[in-house]
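A closer look at the structure
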Amino acid sequence: MASSKGPASPAVRVAEMEKMSVEQLKAVKEQTDLEVNLLQDSLNNIRTATTRLDLASVALHDLSLRPQGKKMLVPLTASLYVPGTLDDSEKVLVDIGTGYFVEKTTVEGKDYCERKIHLLKSNYDQLLELASKKKTVADEAGAVLQAKVKQLAPQT
Amino acid sequence: MASPAAVRELQRDLENKANDLSKIQKDIAKNHQVRKKYTIQLGENELVLKELELLKEEANVYKLIGPVLVKQDLAEANANVRKRIEYISAELKRLDAAVQDLEEKQNSKREAVLKVQQRMQALQAGKAKA
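Residues numbered from 1 in each chain as written. Chains lettered and ligands numbered in written order. Predicted model: local features only at pLDDT ≥ 70, side-chain atom pairs only at ≥ 80, totals over all residues. Heavy atoms only, no water.

**Some remarks on the overall build of chain A**
Helix and strand content of chain A: three helices and four strands. Along the chain direction, N to C, the helices and strands of chain A fall in the order α-α-β-β-β-β-α. The C-alpha radius of gyration of chain A comes to 26 Å, more than 25% above the 15 Å expected for a compact globule of 156 residues. When its C-alpha atoms are laid out on the principal axes, chain A stretches across 85 × 35 × 25 Å. For chain A, restricting intrachain contacts to residue pairs at least 6 apart in sequence, the fraction spanning at least 24 positions comes to 56%. Here chain A has roughly 10600 Å² of accessible surface; of this, 59% comes from carbon and sulfur atoms. (Helix = DSSP H or I, 4+ residues; strand = E, 2+ residues; numbered from the N terminus. Rg over C-alpha atoms; globule rule 2.2 N^0.38 Å. Contact = heavy atoms within 4.5 Å. Areas by Shrake-Rupley, 256 points an atom, 1.4 Å probe, with all protein chains shown as cover.)

Structure below.
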């Protein structure tokens, strides 16, 4: 999945693109555009996940403030809530993936959320860098393509 | 000089080889898909393992089996996740070898197709001159 355009400096890339025909250049630009779109989708997914984790962390904090025995409404489905009382707000079950749940305290739960958010943020930054590099290549390809097309036009 | 039968035969050969090539390419694409799925699973399992390792001995671990949440022993959960990671890594290695083999086959098929195409062109050129 790694692109081979990594180590090439922009001047080298443009020089290589000049050597390519219009068809090849179009193919390169389409390919890079596709990759940029994929990366943007991944970035959006990460942003959504980070927001959800943030909400979870806030909810945890709120939960820890509630006294035991407090009356609450428990969701059974998206439109059905049942009255209940808060039992133990110290212990929470955390979904760590692949069907495993771990019992943690609210503090540990918040810590878990923070850790995950950090991990996602670093992934997001890495992806962002990659996406902007790809976008640069795509833009260069587009510019060289336009120049070539203009070159060919007056000849015909 | 070139008989139409020879041209037809070359064409049939070309079709066969082109079909083989597209089948190989489809296999390569499928391989990529399966490999993507396994890679994602491997990543998830490694995260779970890291979380499990951070736990103290007495921490309670539960596994979701269908609609049932079952209490599991921490050691058992660790062992299960490790086994799964091993299995997925082995599968990925197998897929790697398979895709390399497929790519070699794809390249040699491409060359074969090219050769047939060249022979056809030569034949057509010969016919045109005659």
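Once the structure has been displayed, the description carries forward.
**Overview of the side chain of Ser89 of chain A**
Residues and elements named next belong to chain A. By the element assignment, Ser89 lies in the loop between β2 (81-85) and β3 (91-97). Given the relative accessible area of 12%, Ser89 is considered buried. With sequence-adjacent residues up to four places away left out, Ser89 is seen in contact with Leu63, Ser64, Arg66 and Thr106. (Buried < 20%, exposed > 50% of the residue type's maximum accessible area, 1.4 Å probe, protein only.)

**As for the packing of aromatic side chains**
Counting across every chain of the model gives zero aromatic pairs over all chains. One Lys or Arg, Lys37 of chain B, reaches over the ring of Tyr38 of chain B and ends 6.0 Å from the middle of that ring. Between Lys63 of chain B and the ring centre of Tyr100 of chain A, over which it is positioned, the NZ or CZ distance is 4.5 Å. (Phe/Tyr/Trp six-rings, centres within 6.5 Å; stacked < 30°, edge-to-face > 60°. Lys NZ or Arg CZ within 6 Å of the ring centre and 35° of its normal.)

**Regarding the confidence of the model for chain A**
Residues and elements named next belong to chain A. Residue-level pLDDT values for chain A average 86, and 94% of them are 70 or greater. Mean pLDDT values over the elements of chain A span from 76, in helix α1 (residues 10-19), up to 93, in β2. Across residues 1-5, confidence stays below pLDDT 50; counting only partners more than four residues off in sequence or on other chains, it has four contacts. (pLDDT = per-residue confidence, 0-100.)

**A short note on the interface of chain A and chain B**
Many authors give the size of an interface as the accessible area that is lost as the parts come together. Facing 14 residues of chain A, the contacting portion of chain B comprises 18 residues. Where chain A abuts chain B, roughly 1500 Å² becomes buried across the two surfaces, and 59% of that area is made up of carbon and sulfur atoms. The largest contributions to the chain A side of the interface with chain B come from Thr98, Tyr100 and Phe101 of chain A, which together make up 40% of the buried area. Our count for the chain A to chain B interface comes out at three salt bridges. Glu51 of chain B is the salt-bridge partner of Lys104 of chain A, the closest N and O atoms lying 3.8 Å from each other. Counting residues per element, the ones that place at least two in the side of chain A that touches chain B are β3, β4 (100-105) and α3 (106-155) of chain A. For the side of chain A that touches chain B, the leading source of residues is β4 of chain A, giving five residues. (Buried area = accessible area lost by both parts, 1.4 Å probe. Salt bridge = Lys/Arg side-chain N within 4 Å of Asp/Glu carboxyl O.)

**Some details on the UniProt feature "coiled-coil region" (unreviewed entry) in chain B**
Here the UniProt feature "coiled-coil region" (unreviewed entry) sits at residues 85-119 of chain B. Structurally, residues 85-119 of chain B is divided into 100% helix and 0% strand, and its ends, taken at the C-alpha atoms, are 51 Å apart. (UniProt positions renumbered as here; feature names shortened; annotations may be inferred.)

**Points about the nonpolar core**
Formed by 32 residues in total, the largest nonpolar core has its most connected members in Ile96 and Tyr100 of chain A together with Val48, Leu52, Leu55, Val61 and Val81 of chain B. Sorting the residues of this core by element identifies α2 (22-65), β3, β4 and α3 of chain A together with α1 (4-54) and α2 (74-129) of chain B as the ones contributing at least two each. Leave out the neighbours within four places in its chain, and Ile96 of chain A touches Val102 and Tyr112 of chain A together with Val48, Glu51 and Leu52 of chain B. Of all hydrophobic cores here, the second largest spans eight residues; its members include Met17, Val137, Ala141 and Leu145 of chain A. (Core = buried A, V, L, I, M, F, W, Y, C linked by side-chain atoms within 4.5 Å.)

**With respect to the pairing of strand β1 (residues 71-75) of chain A**
Residues and elements named next belong to chain A. For β1 and β2, the ladder comprises five bridges, and the chain directions are antiparallel. Paired with Pro75 across the two strands is Tyr81, which belongs to β2. Between β1 and β2, which pair antiparallel and follow one another directly, the connecting turn spans five residues. (Pairing = 2+ DSSP bridges.)

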